[in-house]
Amino acid sequence: LQMHDLDADDLAAVRKLGAAVLPRLDEYGDIFYEWIADLPEYQIVFTSPEITAHARAEQLKYWRRTFAAEVDERYVAERRHVGATHARIGLSLPSYFAAMNYSFVLLTKTLYDNQLSNDEYLIALQAFTKLIHFDTTIVAETYSRLINERIAKQSQALLEMSTPVTQIWEDILMLPVVGIIDSRRAQDLMLTVLKRISQTRAKVFIM
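Residues numbered from 1 in each chain as written. Predicted model: local features only at pLDDT ≥ 70, side-chain atom pairs only at ≥ 80, totals over all residues. Heavy atoms only, no water.

Student: Please clarify how the nonpolar core should be interpreted in this entry.
Tutor: One recurring pattern in soluble globular proteins is that nonpolar side chains are buried together. Grouped together as the largest cluster of nonpolar side chains are 48 residues, with contacts concentrated most on Y28, W63, F67, L107, F128, L131 and F134. With 12 residues, helix α7 (residues 118-162) is the single largest residue contributor to this core. Ignoring any residue separated from it by four or fewer positions in sequence, one finds Y28 in contact with Q59, L60, W63, S103, L106, L107 and L111. (Core = buried A, V, L, I, M, F, W, Y, C linked by side-chain atoms within 4.5 Å. Buried < 20%, exposed > 50% of the residue type's maximum accessible area, 1.4 Å probe, protein only. Helix = DSSP H or I, 4+ residues; strand = E, 2+ residues; numbered from the N terminus. Contact = heavy atoms within 4.5 Å.)

Right, here's the structure in full:
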């Protein structure tokens, strides 16, 4: 919260904006899902009315929680869940950022009916912007971490497949090496061979 300069006054201003916007949240859902219906990446994800309905319900719940502006451990955990979900279904961060930007415009301009004074609105707009940045930071960090972990696991699996150590006779192992050997691959080869030698106490022929 300190990093994003969010304090109690900001959260109170977000709640005040929410009181003006939340009564039109269903209308937000109609406009938003009409917008994403033409986006190719979302068409891949929302493959049935049931999936779309579930996503819409979760999204409206997300915004109600946002405008409640009770930023605690549960709030952060829910944002991490959003990042994990996007990583799991393969929805890219650019698409997420575009959706958040579109939602921001809908909630602060399209659906806003000037219920607040100009000063109150400007304060609420600034506070809501901070909170959105707070949310997207958590989502992007979670998304990136999970994607990097997945890539690391895939890379490790490929390395293990590319360094097969085969026992051809008792106490003799064979390691076929194909392609370019850089420092990273050389280290992996060495570790793989040493691990197998420690298991079998065999000699190794590298071909």
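Student: What is the right way to read the pattern of salt bridges from this model?
Tutor: If charged atoms from side chains of opposite charge come close, those side chains can pair. Going through the model one piece at a time under the given rule, you end up with 14 salt bridges. Where R56 meets D30, a salt bridge forms, and the shortest distance between an N and an O atom there is 2.9 Å. Here the residue R56 occupies a position in helix α4 (residues 49-68), and D30 occupies one in helix α2 (residues 25-36), the gap between them amounting to 26 residues. With a relative accessible area of 23%, R56 lands in the partly exposed category. A salt bridge links E78 to R79, with the shortest nitrogen-to-oxygen separation between them at 3.5 Å. Given the relative accessible area of 26%, E78 is considered partly exposed. Overlapping salt bridges, with partners in common, bring together R65, D72, R74, E78, R79 and D135 in one network. (Salt bridge = Lys/Arg side-chain N within 4 Å of Asp/Glu carboxyl O.)

Student: Explain the packing of aromatic side chains to me, please; I cannot follow it from the model alone.
Tutor: Each aromatic ring pair is described using two quantities: the centre-to-centre distance and the angle formed by the ring planes. Per the stated rule, a full pass over the model turns up 16 aromatic pairs. Seen in terms of ring centroids, F32 and W35 are 5.6 Å apart; in terms of plane orientation they differ by 55°. Their pairing is tilted. A residue pair is termed a helical-turn pair when its members lie 3 or 4 positions apart in one helix, as F32 and W35 do in helix α2 at 3 residues. Here F32 falls in the buried class, since its relative accessible area comes to 3%. (Phe/Tyr/Trp six-rings, centres within 6.5 Å; stacked < 30°, edge-to-face > 60°.)

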